[in-house]
Amino acid sequence: MKVPFSWLKQYVDIDVSAQELETKLFDCGFEVEELIDLGAEISKVVVGVVTECVPQEGTHLHICKVDCGDYGHDIQISTGAANVYAGMHTPAALDGSTLPGGIKIKAKPLMGIESNGMLCSGEELGLNEDLYPGAEVYGLLDLPKDTVPGTPIQQVVGLDDYIFDISITANRADCQSVLGIAREVAAVLNKPLKMPATDYTVSDYKDPRLSITVEAPDLCPRYLGHYVRNITTGESPRWMRRQLALCGLRSISNVVDITNYVMLEIGQPMHAFDMDTLESCQIIVRRAKDGEKITTLDSKEFTLTPQNLVICDGEKPVALAGVMGGLNSEIVSDTADVVFESACFDGTCIRKGALSLGMRTEASAKFEKGLDPLNTLPAVQRACELVELLGDDVNDIYSNIAFVASDNTPETKEFNEEFTKRANMPPSFHSISTYDTVMLVCDAAIKCGDNLNVWSGNDDQVVPMMSLGAKGVISVASNIIPEVMVKMSHLCLEGQFEDASKLQIAYMDLIDALFIEVNPIPIKAAMN
């Protein structure tokens, strides 16, 4: 998973270098496969201002005088670009500079005229239109007029950034997002975590036509739908296109980009339906019928079986649940009314369904690991906030939640003395002193939050599960023990806790109490 350093800084005040943070993430058990320096292959390329531009007679070249600040105010460079003009601010690769792909620039004559470098296009710097506007224009990259001559080009076009390529193991589904990694960074650096904005204005308008039905609640415990009308489909703002590009996704349109942005940021895959394409304005979640067909957004047709979970309208499938949307309900240029989907699907079903069709997407990869049902609401709220931020009115549908199947999601309960007694914990956990110790352990294990998610089952039975700051549930205790131990050791080494052994023993006692003695129903059954 690719995580931009600049994006992490939006949630945590990071006061260490990217290289230092890489080491700290390793110490916490994360495998950083590569730390990518976006500007590593570029050297001695600066902002140049063309002060003079004269056509070279009999050729397609222009002889330019270029002001490159401290590197020289009157450097002669020849260029064949047709869009060059006097007064242009553009990247100038000077004598001895390097460009992506191992290209080296040296001073040499061009058609008998001395040229002490090269003026560059966006593509020659490894840029595309999403990373920097105008990068794909045929010709030189035209920079803003307020850029200062001699400034390293990396600082101007955003190549002074790093990308952490992190391998996320199957037991850390809560870290499949930029925010998930930011939570870990906040814990490592002992810094507060800044949560993304999720507030937006809800109008009084309700569309009675839209209905949502889940016929397979065992495979879809939670399905949320938000309705947005009178939306204007167009290009996303530069900052959003850049973030998507740094994570390896191309910009499509503002509506689609919002769903991808939320998936990367919060870790919850989303989808957007053009409401006008939904027959009878219905959304139905069910198992596919044997032989049913769907054409997905990549224009491939698939024949389905009951092994596949589909999202349907009143007549036909319009999406492969948790995998990819259908071509028949895609967002197009004249889309005006949109239904945002944020749902929790059974990971095993999504994995087997995607495998049976020979396709695997970023969304299906996240669902396979198991996602927190509680994350669906903040994700769709974040999407609505972004819609409003981009300038459109947001209109809610039936008080936010269109469907919650049998309320099969953990409810957050305060971890206190009353809870320890109801959960039949050992008597030692009932005392104030021991309770304070337990809370200290929880604070060490989960630095950004101190709640536990508790499954409310039949006959008042409960299955506790750890909950992180943004309610990223880790459902199996044994999976998080190694990570917590590493984090505790790291905190002890930093002097935040004096006795590592006592802290770890207390944590193991807590694990025994919560996950062994209080486990009347299987975790797997609880997550369905």
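Small disclaimer: the values here were computed from a predicted structure and weren't measured.

On to the pattern of salt bridges. Summed over the entire model, instances satisfying the criterion amount to 13 salt bridges. Of the charged contacts in the structure, one is a salt bridge between Lys 191 and Asp 15, with a shortest N-O distance of 3.0 Å. Taken as a pair, Lys 191 in the loop between helix H4 (178-189) and strand E12 (211-214) and Asp 15 in the loop between helix H1 (5-8) and helix H2 (18-27) lie far apart in primary sequence, 176 residues in all. A salt bridge links Arg 287 to Asp 218; the shortest N-O distance between them is 2.7 Å. In this pair, Arg 287 is assigned in strand E15 (residues 282-287) and Asp 218 in the loop between E12 and strand E13 (222-228), connecting sequence segments 69 residues apart.

Relative orientation of the contacting elements helix H5 (residues 238-246) and helix H6 (residues 254-266) amounts to 55 degrees, with a least axis distance of 10 Å. If you check the angle between H5 and H6, you find them oblique. In the packing of H5 onto H6, the handedness of the crossing is left-handed. For the pair H5 and H6, the contacting residues are Trp 239, Met 240, Gln 243 and Leu 244 in the first and Asp 257, Ile 258, Asn 260, Tyr 261 and Leu 264 in the second. Across the contact of H5 with H6, the residue classes break down as 6 nonpolar, 2 polar and 1 charged.

Bringing the sheet that holds strand E1 (residues 2-4) into the picture now. Read from one edge of the open sheet, 3 strands run E1-E11-E2, paired in antiparallel fashion. In this open sheet, the two edge strands, each paired with only one partner strand, are E1 and strand E2 (31-37). When strand polarity is set aside, the average angle formed by the axes of neighbouring strands in this sheet is 25 degrees. Judged from the 6 bridges that link them, E2 and strand E11 (residues 162-167) form a sheet pairing that is antiparallel. When the sheet's bridge partners are listed, Asp 37 is paired in E11 with Tyr 162.

Looking now at the side chain of Gln 243. Note that Gln 243 resides in helix H5. Those residues within four positions of Gln 243 in sequence are excluded, and the remaining contacts are Ser 6, Trp 7, Gln 10 and Tyr 261.

Pairing in this open sheet of 5 strands is mixed, and the strands run E12-E15-E18-E19-E20 from one edge to the other. Two strands close off the open sheet at either side, each with one partner strand: E12 and strand E20 (324-325). As paired elements, E15 and strand E18 (residues 309-312) share 4 bridges and run antiparallel to each other. The residue of E18 that forms the bridge with Arg 286 is Val 310.

Glancing now at the pairing of strand E14 (residues 270-274). Burial analysis of E14 places 5 of its 5 residues in the buried class, the great majority of the element. Alternating positions in E14 separate into two faces, Met 270, Ala 272 and Asp 274 on one and His 271 and Phe 273 on the other, with burial throughout. Bridge count between E14 and strand E21 (residues 338-344): 5 bridges; the pairing is antiparallel. Directly across from Met 270, in E21, lies its bridge partner Ser 342.

If you look at the biggest cluster of nonpolar residues, it comprises 52 residues, and the most contacted ones within it are Leu 8 and Phe 164. No other element matches the 8 residues that H4 contributes to this core.

The next subject is helix H9 (residues 376-389). Here H9 contains 14 residues, and its C-alpha end-to-end distance of 20 Å stays within 8% of the 20 Å for a straight helix at 1.5 Å per residue. If you check which residues of H9 are buried, you get Thr 376, Ala 379, Val 380, Arg 382, Ala 383, Cys 384, Glu 385, Leu 386 and Val 387. Backbone geometry just downstream of H9 places Gly 391 in the positive-phi region, at approximately 110 degrees.

Let us look at the packing of helix H7 (residues 347-357) against helix H8 (residues 362-369). Following both chains from N to C, one finds H7 and H8 inclined at 140 degrees, their axes separated by 7 Å at the closest point. By the angle between their axes, H7 is oblique relative to H8. Between H7 and H8 lies a crossing of left-handed hand. Contact residues: H7 offers Gly 347, Ile 350, Arg 351 and Ala 354, while H8 offers Ser 364, Phe 367 and Glu 368.

Here we come to the pairing of strand E4 (residues 62-67). Among the 6 residues that make up E4, 5 are buried, leaving the element largely enclosed by the rest of the structure. The sheet contact formed by strand E3 (residues 43-55) and E4 spans 6 bridges and is antiparallel. Looking at E4, one finds that Val 49 is bridged to Asp 67. Where E3 hands over to E4, the hairpin turn is made up of 6 residues, of which Gly 58 adopts a positive phi near 85 degrees. Here 5 bridges tie E4 to strand E5 (residues 75-79), and the two strands are oriented antiparallel to one another. If you follow Val 66 over to E5, its bridge partner there is Ile 75.

What counts and what doesn't
- Throughout, a residue's number is its position along its own chain's written sequence, starting from 1.
- Since the coordinates come from a predicted model, pLDDT governs what is reported: local features require at least 70, and pairs of side-chain atoms require 80 or more to be given and counted, while whole-chain, interface and lining totals use all residues.
- Calculated side-chain values reflect all of the structure's heavy atoms, with hydrogen atoms and water omitted.
- By salt bridge we mean one thing: a side-chain nitrogen of Lys or Arg within 4 Å of a carboxyl oxygen of Asp or Glu.
- Secondary structure elements are defined from DSSP: runs of H or I of at least 4 residues count as helices, runs of E of at least 2 residues count as strands, and each element is numbered from the N terminus.
- The convention used is that axes are lines fitted to C-alpha atoms, helices contributing only their stretch in contact, and that angles between N-to-C directions extend from 0 to 180 degrees.
- By the definition adopted for this analysis, an angle is roughly parallel if under 35 degrees, roughly antiparallel if over 145, roughly perpendicular if from 65 to 115, and oblique otherwise.
- A crossing counts as left-handed when the near helix is turned anticlockwise from the far one by less than a right angle, and as right-handed when that turn is clockwise.
- For this analysis, residues touch if any pair of their heavy atoms sits within 4.5 Å.
- Each residue gets one of three labels, nonpolar for Ala, Val, Leu, Ile, Met, Phe, Trp, Tyr, Cys and Pro, charged for Asp, Glu, Lys and Arg, and polar for the others, Gly among them.
- In this description, strands pair whenever DSSP reports at least two bridges between them.
- Partly exposed describes any residue whose relative accessible area lies between the buried limit of under 20% and the exposed limit of over 50%, with all areas from a 1.4 Å probe on protein chains only and scaled to the type maximum.
- Residues enter a nonpolar core if they are buried and are Ala, Val, Leu, Ile, Met, Phe, Trp, Tyr or Cys, with the set joined through side-chain atoms within 4.5 Å.
- One less than the number of residues in a helix, times 1.5 Å, gives the span that helix is expected to have.

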